[in-house]
Every structure is written in structure tokens, then in C-alpha cells.
Amino acid sequence: KDLVLSPFIKATVPSQEVAQRIISRSTLLKHFFLQLGEAESMEELVKKIDHPKIEEICEKGKSLKVLVERINQKRAGKQSNLELINFLMKNVIPLETPVDLKKPDIILKLYIHYPGLVEEDEEPFKYSL
């Protein structure tokens, strides 16, 4: 019951260039993600997010797309993906950032982690952006 299934391994690397070199030499590793925050609720996530880093990432003129990915759950939970995206856009993303769903400059992913394989109505245990 204490086992949490996750496809992620957390690692700290000194720079994006180092991460790219590691990926180029790996056969199983596909991506490195910059984690901006992690919490047990969306409200806590907003408080813990590195807001100066978000503002740096969302430079003026760069377009944005926000995706929601649920880990260990196939169907949407109690909150729809659109509700979660709107919550992030209202509370985290700088107002002047344009949205482009087809060819964005930046893609932010909200990961919703569920413990193990869960039932439809089970609550997530962690949110990360």
C-alpha cells in the first residue's frame, strides 16, 4: 500500500546543457523536466511555485500552452483539465503571456500524481508543475 508508482526519477543537474548531454547518451531516458513546484493541493502548489522562474520562462512575446497529465489514472478526476488550466492561468501565469495551442514556444505540464492504480473517485496525492 505504501508503494507509489511513478515514471519519474528526480535528479539535479547543473545546467540544461548537461541534461541535454545525458539525454543524448541515454537509450531509456527521454526527457528532463524543470520542476517549478510540488505540493499536495493546487492551492499549495501556487504558493510553492518559483514565481520569478515562471516570469523568466514566460518572457514577453513567447506563447504558452498548458497540458495536464494524470499519472496512474486514466479518466479525469473531480476537476476537469480545463478547470485546472484556468486555475493556473489565473494564479501563476503572467497575464501578458499569449496562449497558442498549435505551435507554442513554451509548454508547461501539470502532473497530477495518484498513488498506485486508483479508482475514479480517489484523490490525487501530489501535484507538480
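Below is a summary of the structure that appears in this document. Everything quoted here is computed from the prediction, not taken from an experiment.

**Here's the deal with the nonpolar core**
The nonpolar side chains of soluble globular proteins are, as a tendency, buried together.
In step 1: Formed by 22 residues in total, the largest nonpolar core has its most connected members in M42, L45, I54, V92, L108, L110 and I112.
In step 2: Breaking this core down by element, the ones donating at least two residues are α2 (42-48), β2 (64-71), α4 (81-91) and β3 (106-113).
In step 3: In terms of residue count, β3 provides more of this core than any other element does, four residues in total.

**Thoughts on the pattern of salt bridges**
For side chains bearing opposite charge, pairing can occur when the charged atoms are close.
In step 1: One pass over the full model with this rule turns up two salt bridges.
In step 2: For the salt bridge of K53 with E56, the shortest nitrogen-to-oxygen distance reads 3.4 Å. On the criterion of helical spacing, the pair formed by K53 and E56 is a turn pair, its members being three residues apart in helix α3 (residues 51-57).
In step 3: A salt bridge links E69 to K109, with the nearest nitrogen and oxygen atoms 3.3 Å apart. Taken together, the residues E69 in strand β2 and K109 in strand β3 connect sequence positions 40 residues apart.
In step 4: Exposure remark for K109: the relative accessible area of 27% places this residue in the partly exposed category.

**Examining the environment of G61**
In step 1: Of note, G61 is situated in the loop between α3 and β2.
In step 2: It is 7.4 Å that separates the C-alpha atoms of G61 and P98, two residues lying 37 residues apart in sequence.

**Observations concerning the sheet that holds β2**
In step 1: With respect to topology, four strands assemble into an open sheet ordered β1-β4-β3-β2, the strand pairing being mixed. Either end of the sheet is taken by a strand with one partner, and the two such strands are β1 (38-39) and β2.
In step 2: In the packing of α4 onto the sheet, contacts are made with β2 and β3, and the angle to β2 comes to roughly 130°.

Definitions and cut-offs
Residues numbered from 1 in each chain as written. Predicted model: local features only at pLDDT ≥ 70, side-chain atom pairs only at ≥ 80, totals over all residues. Heavy atoms only, no water. Core = buried A, V, L, I, M, F, W, Y, C linked by side-chain atoms within 4.5 Å. Buried < 20%, exposed > 50% of the residue type's maximum accessible area, 1.4 Å probe, protein only. Helix = DSSP H or I, 4+ residues; strand = E, 2+ residues; numbered from the N terminus. Salt bridge = Lys/Arg side-chain N within 4 Å of Asp/Glu carboxyl O. Pairing = 2+ DSSP bridges. Contact = heavy atoms within 4.5 Å. Axes fitted to C-alpha atoms, helices over the stretch in contact; angles between N-to-C directions.

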